[in-house]
Amino acid sequence: MTNFFSEIHESKIFKNEEVLSPDYLPDFLPHREDKIKQIARNLMPAAKGGIAQNTFIFGPPGIGKTHVIKFVFRELEEFSENVKTIYINCWNYNTPISILSKIATDLGVFVQRRGIGKDEVFERVIEFLGKTKKGLVVCLDEVDQLIFKSEEVLYDLLRINQYVKNPVCLVFISNFKDVFVNLDARIKSSLRIEEIEFKPYSVQEMKDILEERVKNAFHSVEEGVTILVANFAVQKGSDVRVGLECLLKAGRLAEVENSDMVKVFHVKKVLPEIKPVKPKILEENISENERTILEILKERSFYSGELYKEYCKRVENPVSERAFRDFINHLLQIKMIKVKEVKKGMKGKTRIISRAKSA
Ligand SMILES: Nc1ncnc2c1ncn2[C@@H]1O[C@H](COP(=O)(O)OP(=O)(O)O)[C@@H](O)[C@H]1O
Ligand SMILES: [Mg+2]
């Protein structure tokens, strides 16, 4: 009998399929060179024992914010041994202790998983930084998730600077420009953040970006494939991940059809299946209570008081009205709901809450 593995041939289509994964970090990020340079200039002092510029990067999803910072971090660590970079996604770490523990662990400082207080972790981090004399740059990605819960950790991170020679440099990333608007004025002024806005790519820019990936992913593609995909990705919210998914699906179809290259008609066939990327992570990270609120809003819009009453009817242990307002604010912040203020009665105002179109 022949071995099944011997019957599987090398792909005629894919040179390297992994290149199309949204997690793949390319060596070259076309059309972000200026931003990369600007961020690099801000962080450079951290490698030289100086005071680096805290930076806030914002812009819509899928346009390279996360990958640019990962790229800059990789380059910075390659460039200098005197600096350590730590990337933290605040969807996964959103309490002061979890963030400080993550920093400690990434620095190589041992912390027990349980039974250790925040102050102790804090002290160990400081002790370590004092010993190594390395500069530290921390990126808090999706920082809205943190600020929404509590800004306490920002105090902690700033407090480190009182004890170490080189101040810790912070990079924040968010889809929302106004994350820091309601921040305590004292923290805001000590952070002295420089804002860098990322704008969506044009069709031509999207084409250049996808072309770079196509070159490394496929053996051969028909002319017209990349521009078609680029146009589609720009139409669907300028998210590069949409383009990558299109290319991957078209490639797989070409393979199934035993074609010798990815053709325009393969792309046309898969386009209807591609949905705008709704960050999966959003769905996974909303709480049970928030899910109930979204369920209720599926039916119709509600006045805020009315919505709270409806919510109380549906759950066994309803939270207080105060905590409920926090859920509403969170859903608003991640753009799952819309809120409109309207006049009610002679003087009063109330809010009408409805589900956002994208939710
Ligand atoms: N200029 C670029 N060059 C190459 N790939 C890019 C570029 N911009 C975005 N991408 C790709 O698009 C995807 C989404 O980028 P990401 O950095 O996660 O976006 P954001 O953080 O803005 O939501 C990633 O797979 C990334 O590699
Ligand atoms: Mg991101």
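Higher on the page you've got the structure.
Asks: What's the story with the packing of aromatic side chains in this structure? I'm lost.
Replies: Tallying each qualifying case throughout the model produces eight aromatic pairs. Taking the centre distance of 6.1 Å and the plane angle of 85° together, the rings of Phe122 and Tyr163 count as edge-to-face. One end of the pair, Phe122, is in helix H5 (residues 118-132); the other, Tyr163, is in the loop between helix H7 (152-160) and strand S4 (169-174), and 41 residues separate them in sequence. Residue Phe122 is classed as buried on the basis of its relative accessible area of 5%. Feature note: the residues Phe56, Phe58, Phe172 and Phe180 constitute an aromatic cluster, connected by ring pairs. Its end group placed over the ring of Tyr87, Lys70 keeps NZ or CZ at 4.6 Å from the ring centre. The ring centre of Phe122 lies 4.0 Å from the NZ or CZ of Arg159, which sits over that ring.

Asks: Before we go on, may I ask you to explain the pairing of strand S3 (residues 135-141) in this structure?
Replies: Buried residues dominate S3, accounting for seven of its seven residues. Neither face of S3 is open: one carries Gly135, Val137, Cys139 and Asp141, the other Leu136, Val138 and Leu140, and all of them are buried. Bridge count for strand S2 (residues 83-89) against S3 is seven bridges, and the pairing is parallel. Its bridge partner being in S3, Ile86 is matched across the sheet by Val138. Relative to S4, S3 runs parallel, the two sharing four bridges.

Asks: Explain the site of ligand 1 here, please?
Replies: Around ligand 1 lies a shell of 20 residues, among which Pro22, Pro30, Gly62, Lys65 and Tyr201 are the nearest. One nitrogen or oxygen atom from the side chain of Tyr201 is found 2.7 Å from a nitrogen atom belonging to ligand 1. Burial of ligand 1 by the protein amounts to 94% of the accessible area it has alone, namely 560 Å². By residue class, the composition of the shell around ligand 1 is 12 nonpolar, four polar and four charged. Residue assignment places the shell around ligand 1 across two domains, with domain 1 (4-19 + 201-273) and domain 2 (33-197) each supplying three or more.

Asks: I tried to follow the sheet that holds strand S6 (residues 302-303) on my own but got confused; where do I start?
Replies: Adjacent strands of a sheet pair through backbone hydrogen bonds, lying either parallel or antiparallel. Read across the open sheet, the three strands follow the order S6-S8-S7; overall the sheet is antiparallel. Both outer strands of the open sheet, S6 and strand S7 (337-343), are each paired with one neighbouring strand and no more. In terms of strand pairing, S6 meets strand S8 (residues 349-355) through two bridges, oriented antiparallel. By the bridge assignment for S8, Tyr303 is matched with Ile352. Sitting on the sheet, helix H16 (residues 321-333) touches S7 and S8, and the angle it makes with S7 is about 115°.

Asks: Can you help me understand the state of the cysteines in this one?
Replies: What is meant by a disulfide is a covalent connection between two cysteines, made through their sulfur atoms. Within this structure, the stated rule accounts for zero disulfides. Between Cys169, a cysteine without a disulfide, and Cys139, which holds the nearest cysteine sulfur, the sulfur-to-sulfur distance is 10 Å.

Asks: Before we go on, may I ask you to explain the pattern of salt bridges in this structure?
Replies: Charged atoms that come close allow side chains of opposite charge to pair. Counted by the stated rule, this structure contains 21 salt bridges. Measuring nitrogen to oxygen at the nearest pair gives 3.4 Å for the salt bridge that ties Lys215 to Glu212. With Lys215 and Glu212 both in helix H9 (residues 203-217) and three residues apart, the pair spans about one turn of that helix. For Glu212, a relative accessible area of 22% corresponds to the partly exposed category. Residues Arg314 and Glu310 are paired through a salt bridge, measuring 3.0 Å at the closest nitrogen-oxygen approach. Here the residue Arg314 and the residue Glu310 both occupy positions in helix H15 (residues 304-314), the gap between them amounting to four residues, near one helical turn. The structure contains a network of salt bridges with shared partners spanning Lys118, Glu152, Asp156 and Arg159.

Asks: Would you explain the environment of Val137 in this entry?
Replies: With respect to the helices and strands, Val137 occurs in strand S3. Val137 sits in the buried class, given a relative accessible area of 0%. In this structure the C-alpha to C-alpha distance between Val137 and Glu152, which are 15 residues apart in sequence, comes to 19 Å. When residues no more than four places from it in sequence are discounted, the contact partners of Val137 are Leu43, Ala46, Phe73, Leu76, Val83, Lys84, Thr85, Ile86, Cys169 and Val171.

Asks: When you look at the sheet that holds S2 in this model, what are you seeing that I'm missing?
Replies: With respect to topology, five strands assemble into an open sheet ordered S2-S3-S4-S1-S5, the strand pairing being parallel. At either end of the open sheet lies a strand with only one pairing partner, and these are S2 and strand S5 (194-197). The mean inter-strand angle of the sheet, taken between neighbouring strand axes irrespective of direction, is 15°. By the bridge criterion, four bridges tie strand S1 (residues 55-58) to S4 in an arrangement that is parallel. Directly across from Thr55, in S4, lies its bridge partner Val171. Along the sheet face, helix H4 (residues 96-107) touches S2 and S3 and points at about 140° away from the line of S2.

Asks: Could you clarify how one ought to interpret the packing of H4 against H5 in this entry?
Replies: Direction vectors running N to C along H4 and H5 enclose 30°, while the axes themselves pass 9 Å from each other. Viewed along their axes, H4 and H5 adopt a mutual orientation that is roughly parallel. Viewed along their axes, H4 and H5 form a crossing whose handedness is left-handed. Facing Pro96, Ile97, Leu100, Ser101, Ile103, Ala104 and Leu107 of H4, the residues of H5 in contact are Lys118, Val121, Phe122, Val125, Phe128 and Leu129. In the contact of H4 with H5, the residues fall into 11 nonpolar, one polar and one charged.

Criteria and cut-off values
Residues numbered from 1 in each chain as written. Chains lettered and ligands numbered in written order. Predicted model: local features only at pLDDT ≥ 70, side-chain atom pairs only at ≥ 80, totals over all residues. Heavy atoms only, no water. Phe/Tyr/Trp six-rings, centres within 6.5 Å; stacked < 30°, edge-to-face > 60°. Helix = DSSP H or I, 4+ residues; strand = E, 2+ residues; numbered from the N terminus. Buried < 20%, exposed > 50% of the residue type's maximum accessible area, 1.4 Å probe, protein only. Lys NZ or Arg CZ within 6 Å of the ring centre and 35° of its normal. Pairing = 2+ DSSP bridges. Near = heavy atom within 4 Å. Polar contact = N/O pair within 3.5 Å; in protein donor to acceptor, adjacent residues only side chain to side chain. Areas by Shrake-Rupley, 256 points an atom, 1.4 Å probe, with all protein chains shown as cover. Nonpolar A, V, L, I, M, F, W, Y, C, P; charged D, E, K, R; others polar. Domains from an automatic or database assignment. Contact = heavy atoms within 4.5 Å. Axes fitted to C-alpha atoms, helices over the stretch in contact; angles between N-to-C directions. Disulfide = S-S within 2.5 Å. Salt bridge = Lys/Arg side-chain N within 4 Å of Asp/Glu carboxyl O. Parallel < 35°, antiparallel > 145°, perpendicular 65-115°, else oblique. Left-handed = near helix turned anticlockwise from the far one by under 90°.

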